[in-house]
There are 4 protein chains.
Amino acid sequence: MKRFMRMSSQKSTTDATPATAVPIAPSTAAPKMPSRERGRARVAALLAAASAVFAEKGYDAATMTEIAARAGAPIGSLYQFFPTKAVLADALLTQYADALVALLIDLESRAAALSPDALAAALLAVLPSLRVERAAAFALIDARPDMVAQQGQLRARLRQAIAAVLRAKSPTLPAERAAAMAVTLLQMMKGAAALGDEPDLAQGHEAQAGLVHAAGLFIADALA
Amino acid sequence: MKRFMRMSSQKSTTDATPATAVPIAPSTAAPKMPSRERGRARVAALLAAASAVFAEKGYDAATMTEIAARAGAPIGSLYQFFPTKAVLADALLTQYADALVALLIDLESRAAALSPDALAAALLAVLPSLRVERAAAFALIDARPDMVAQQGQLRARLRQAIAAVLRAKSPTLPAERAAAMAVTLLQMMKGAAALGDEPDLAQGHEAQAGLVHAAGLFIADALA
Amino acid sequence: MKRFMRMSSQKSTTDATPATAVPIAPSTAAPKMPSRERGRARVAALLAAASAVFAEKGYDAATMTEIAARAGAPIGSLYQFFPTKAVLADALLTQYADALVALLIDLESRAAALSPDALAAALLAVLPSLRVERAAAFALIDARPDMVAQQGQLRARLRQAIAAVLRAKSPTLPAERAAAMAVTLLQMMKGAAALGDEPDLAQGHEAQAGLVHAAGLFIADALA
Amino acid sequence: MKRFMRMSSQKSTTDATPATAVPIAPSTAAPKMPSRERGRARVAALLAAASAVFAEKGYDAATMTEIAARAGAPIGSLYQFFPTKAVLADALLTQYADALVALLIDLESRAAALSPDALAAALLAVLPSLRVERAAAFALIDARPDMVAQQGQLRARLRQAIAAVLRAKSPTLPAERAAAMAVTLLQMMKGAAALGDEPDLAQGHEAQAGLVHAAGLFIADALA
DNA sequence: TATGAATGAGCATTCATTCAT
DNA sequence: AATGAATGAATGCTCATTCAT
């Protein structure tokens, strides 16, 4: 039943960056962003609930009904903003990518002043800082073979941001080289995050330190 | 996708791994394979089919009916060997762990003779060698938060095997240290596998080499 | 698609035909059409949109939202004029009957001068002349067994008008006889319309001519 | 969730014509025909229930749940045999067409011995003889713009069968001419059926007789 | 013992209608 | 008065699991 979507009365009154900057082309449709306060709060609550439920149950096992209920919203409301489950997942993934990129951009401005080891430590600290969101994002990515596109975009954005950090640290680093290093480092960042999710692991701290150490060696070696 | 359970005797999800313990039983001629042999072949076919379907669709989207069909087996037969979907998933995970551990035990016997770099390369080559099985295993682990126990066991077995490899290389390495390093290295192995799954990535090879390089540096540094 | 009704004052589905009774109201200039004039235009647009959407999708599949959207009207406005979907359907049906009756009244004034064959041709040409409206009307009638009342009224009005045409042609025809003939002829008119809706039918033209011929024979025979 | 469909063990034991010969290409999939008694009875009950509910409510307003309930079957059972609502509708339509064609084939064998008037009467009696089925079939055809293909097939089969009747009556009639006449006559048959559905119409009988009379004139005229 | 038809709770999604703004 | 976001019952359909044969 075709759902039409207006560009809706873009009033520039209090129009700062919306709580969640969901960009261009998700799965099929775009989440409809509310123009007024109530909707804003509701969308935030829905996204938070979705994040929690996806993280807890995984994409398939999560039900739209539970997400709505946990946000204290009627199911129709959830569908008003996110016309399908897939769109909701997309919005969440995009939100997560936005947050990560923001952290990396911040790191970019501080990179020049950091030692290789400190830079490694800072990078590997990025992913663990958004626990629930990451768990949700990973649940989405891994459970949905049809999500590969989003997954690819997310990775591409992160790699680009990491490469930018590296070049801020060492402006003479060739772009190609920075890109390849970013790919390597992103995997190590994921590893660190995974360890952060396993808190009762005996050797957890030491292992995380090991990963940071390896990353430090890798960066130092590359910049030498 | 919560689904109620009709009077099912709901066995703990952790037992029943029929795939792993069936011993080798010779047969006389051919026409009517003794049921032991027949069963072995059927279980193997079912597990292979399950692996493929889980890898393709993820745990929830995979249906028992499709798995049975792809194995050329009637659904009743599938349930004869694997009384629930969860048991089937468990069996798959255990089978995967068995295969990985076997590879690591093999490596353990060769470790002493390898340079740190060669050892790193050998380790990071383990996970990528079982593509479909790994994809299936990841689909199971990531889509099912209630599978955390299995996940933990799998990781524990792998870490132990990796630690054994390290101590085969350097018998004086303290057990604690080896254990921590194993944790670190397992993350890097996962990273390498992940890159292996993204074959059209421009910097893929270089990045994988970077990961091997970092692991080599890490091992050399630790053994120094 | 049973749908419950929230506290609605559930008016009989047979009243409320706002489209048909709005008299002609002149306006002064242009910029701000007096609301009477505005309302007339809006109602016309809504009915046209409804007609198109009902014809395309059928009664149930048509949504009030799409109808409003296609008329360029807000949904609230649609409900201002037509308090329920059923009322909208009624209005459409009534409008269609009005249009048909007008055509038949016109024919009535010309009937005396026509030969039986010409009269048959003229009658069978009435229904095909309002394609979209007819499609919409049929969609409404056929999809809604609870619309039987409307359906009956529509038929009754048409039969009366057809009988009037017959008696204009042959004033001595007994009323009873004219009524029965009208029933017969209305069925043949429907048949002709149905053929008109199937334009890529090989024998379409010949068949339509056949229907006209049969109707001509029937009329001539009756008036003899 | 792809539903695979076996050609299932075509045992030729008691394999007479299945209760409902659902032929080649319906909407998307084919109804799965049961091989044994119980299923046979259940399918018949489901089709009867579907026929009644579609006739009463129309296609959209009919719910699968009600159809199953009225057949005394659980919803899952309904879906076992008819994987979608559309397939169920198709099966019904096909069943209806089969029944009508059978009646016409019977008429074909008697046609030569009938007068034009008697033939007309026999033809116009065909449709009214399957009241509920016809109501259901019309509800399906009229409410579903996407059913046009089935609709066309049904009409084509009927027209062919009618043409065969005409040529049985008058073997010298050119095929083309018979085809065109069949189109015309089918419309008159529909008209007669429609009148049969309106039993409390004062002039009903006379009007139906009028239709038969017109058809008789038409046939006699054509065969002259 | 082996088979696969049967079961029914649960899921994603829709849309007529209301009413706060 | 005019608007369109909010609401939630109802729908078509799925599939793990059972059990009669």
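A quick note: this is a predicted structure, and the numbers were derived from the prediction, not measured.

Chemist: Whenever I open this one, the environment of B:Leu103 confuses me. Can you help?
Modeler: Mapped onto the fold, B:Leu103 is located in helix 5 (residues 85-111). Here B:Leu103 is in contact with B:Val126, B:Ser129 and B:Leu130, once residues within four sequence places are set aside.

Chemist: Where do I start with the packing of aromatic side chains in this structure?
Modeler: For any pair of aromatic rings, the description rests on two quantities: the centre-to-centre distance and the angle between the ring planes. All names here are of chain B. By the definition in use, this model includes four aromatic pairs over all chains. Taken together, a centroid distance of 5.5 Å and an interplanar angle of 20 degrees make the contact between phenylalanine 54 and tyrosine 59 stacked. Taking NZ or CZ as reference, lysine 85 lies 4.6 Å from the ring centre of tyrosine 59, over its face.

Chemist: It is not clear to me how the interface of chain A and chain B should be interpreted in this structure. Could you clarify?
Modeler: A common measure of how large an interface is: the accessible area buried when the components associate. Contact residues are listed per partner, giving 36 residues for chain A and 35 residues for chain B. Between chain A and chain B, roughly 2900 Å² of surface is buried when both sides are summed, and carbon and sulfur atoms account for 61% of that area. At the junction of chain A with chain B, the criterion picks out six salt bridges. Viewed at the interface, chain B and chain A are joined by 10 residue pairs in polar contact (both at pLDDT 80 or more). Listed by contribution, the elements that provide at least two residues to the side of chain A that touches chain B are helix 1 (37-57), helix 6 (131-143), helix 7 (148-169), helix 8 (175-196) and helix 9 (204-223) of chain A. Residue composition of the side of chain A that touches chain B, grouped by class: 16 nonpolar, eight polar and 12 charged.

Chemist: I would appreciate a short explanation of the UniProt feature "DNA-binding region" (unreviewed entry) in chain A in the present structure.
Modeler: According to UniProt, the "DNA-binding region" (unreviewed entry) feature falls on residues 63-82 of chain A. Helix makes up 70% of residues 63-82 of chain A and strand 0%, with an end-to-end C-alpha separation of 13 Å.

Chemist: Where do I start with the relation of the copies chain A and chain B in this structure?
Modeler: One copy of the chain maps onto the second through a rotation around an axis plus a translation along that axis. Placing chain A over chain B gives an RMSD of 0.3 Å and needs a rotation angle of 179 degrees, together with 0.1 Å of translation along the axis. Overall, the copies show the geometry of a two-fold rotation axis. Interface overlap between copies: 92% of the residues of chain A at the interface are likewise at the interface in chain B, consistent with a symmetric, same-surface contact.

Chemist: Help me out: how do you make sense of the pattern of salt bridges in this one?
Modeler: Side chains bearing opposite charge may pair, as long as their charged atoms lie close to each other. Residue and element names in this part refer to chain B. Throughout the structure, instances matching the rule amount to 40 salt bridges over all chains. Linking arginine 70 and glutamate 56 is a salt bridge whose minimum nitrogen-to-oxygen distance equals 3.0 Å. In this pair, arginine 70 sits in helix 3 (residues 64-70) while glutamate 56 sits in helix 2 (residues 35-57), placing the two residues 14 residues apart along the sequence. By relative accessible area, arginine 70 is classed as partly exposed at 39%. Between arginine 110 and aspartate 106 there is a salt bridge, with its nearest N and O atoms 3.4 Å apart. Placement of the pair is arginine 110 and aspartate 106 together in helix 5, with a separation of four residues, close to one helical turn. Classification of arginine 110 by relative accessible area gives partly exposed; the value is 41%. With relative accessibility at 42%, the residue aspartate 106 sits in the partly exposed group.

Chemist: Quick question: what am I supposed to make of the nonpolar core here?
Modeler: For soluble globular proteins, nonpolar side chains are generally found buried alongside one another. Residues C:Phe54, C:Leu123, D:Phe54 and D:Phe82 are the most contacted members of the largest nonpolar core, which totals 140 residues. Here this core spans two domains, since at least three of its residues come from each of domain 1 (35-83) and domain 2 (86-223) of chain C. Setting aside its immediate chain neighbours within four residues, C:Phe54 contacts C:Tyr59, C:Ala62, C:Ile67, C:Lys85, C:Leu88, C:Ala89, C:Leu92, C:Ala136, C:Ala139 and C:Leu140. In this structure, B:Leu107, B:Val165, B:Ala192 and B:Ala207 belong to the second largest nonpolar core, which totals 139 residues.

Chemist: Where do I start with the side chain of B:Arg159 in this structure?
Modeler: As for its placement among the helices and strands, B:Arg159 is situated in helix 8 (residues 148-169). Judged by relative accessible area, B:Arg159 falls into the buried class, the value being 9%. Excluding its chain neighbours within four sequence positions, the residues that come into contact with B:Arg159 are A:Leu195, A:Glu198, A:Leu201, B:Ala182, B:Val183, B:Leu186 and B:Gln187.

Chemist: I keep staring at the confidence of the model for chain A and nothing clicks. Help me out?
Modeler: A low pLDDT means the predicted coordinates there should not be read in detail. Residues at a pLDDT of 70 or more form 80% of chain A, whose mean pLDDT is 83. Across residues 1-28 of chain A, confidence stays below pLDDT 50; counting only partners more than four residues off in sequence or on other chains, it has 32 contacts.

Chemist: Where do I start with the packing of helix 8 (residues 175-196) of chain D against helix 9 (residues 204-223) of chain D in this structure?
Modeler: Each pair of packed helices can be described by the angle between their axes along with the distance between the axes. Residues and elements named next belong to chain D. Where helix 8 contacts helix 9, the axes come no closer than 9 Å and their chain directions differ by 170 degrees. One element, helix 8, and the other, helix 9, form an angle in the roughly antiparallel class. In this structure, helix 8 contributes Arg177, Met181, Thr184, Leu185, Met188, Gly191, Ala192, Leu195 and Gly196 to the contact, and helix 9 contributes Ala207, Gln208, Leu211, Ala214, Ala215, Phe218, Ile219 and Ala222. Here the residues of the contact of helix 8 with helix 9 sort into 12 nonpolar, four polar and one charged.

Chemist: Would you mind showing me how to read helix 6 (residues 116-124) of chain B here?
Modeler: Residues spaced three or four apart along an α-helix face the same direction, because each turn holds 3.6 residues. All names here are of chain B. Taken as a whole, helix 6 has its buried residues at Leu119, Ala120, Leu123 and Leu124. Buried residues along helix 6 cover an arc of 125 degrees about the axis, so they all sit on one side. Where the residues of helix 6 are buried, they touch helix 5, helix 8, helix 9 (175-196) and helix 10 (204-223).

The rules we used
Residues numbered from 1 in each chain as written. Chains lettered and ligands numbered in written order. Predicted model: local features only at pLDDT ≥ 70, side-chain atom pairs only at ≥ 80, totals over all residues. Heavy atoms only, no water. Helix = DSSP H or I, 4+ residues; strand = E, 2+ residues; numbered from the N terminus. Contact = heavy atoms within 4.5 Å. Phe/Tyr/Trp six-rings, centres within 6.5 Å; stacked < 30°, edge-to-face > 60°. Lys NZ or Arg CZ within 6 Å of the ring centre and 35° of its normal. Buried area = accessible area lost by both parts, 1.4 Å probe. Salt bridge = Lys/Arg side-chain N within 4 Å of Asp/Glu carboxyl O. Polar contact = N/O pair within 3.5 Å; in protein donor to acceptor, adjacent residues only side chain to side chain. Nonpolar A, V, L, I, M, F, W, Y, C, P; charged D, E, K, R; others polar. UniProt positions renumbered as here; feature names shortened; annotations may be inferred. Least-squares fit on C-alpha atoms with pLDDT ≥ 70 in both. Buried < 20%, exposed > 50% of the residue type's maximum accessible area, 1.4 Å probe, protein only. Core = buried A, V, L, I, M, F, W, Y, C linked by side-chain atoms within 4.5 Å. Domains from an automatic or database assignment. pLDDT = per-residue confidence, 0-100. Axes fitted to C-alpha atoms, helices over the stretch in contact; angles between N-to-C directions. Parallel < 35°, antiparallel > 145°, perpendicular 65-115°, else oblique. Arc of directions from axis to C-beta.

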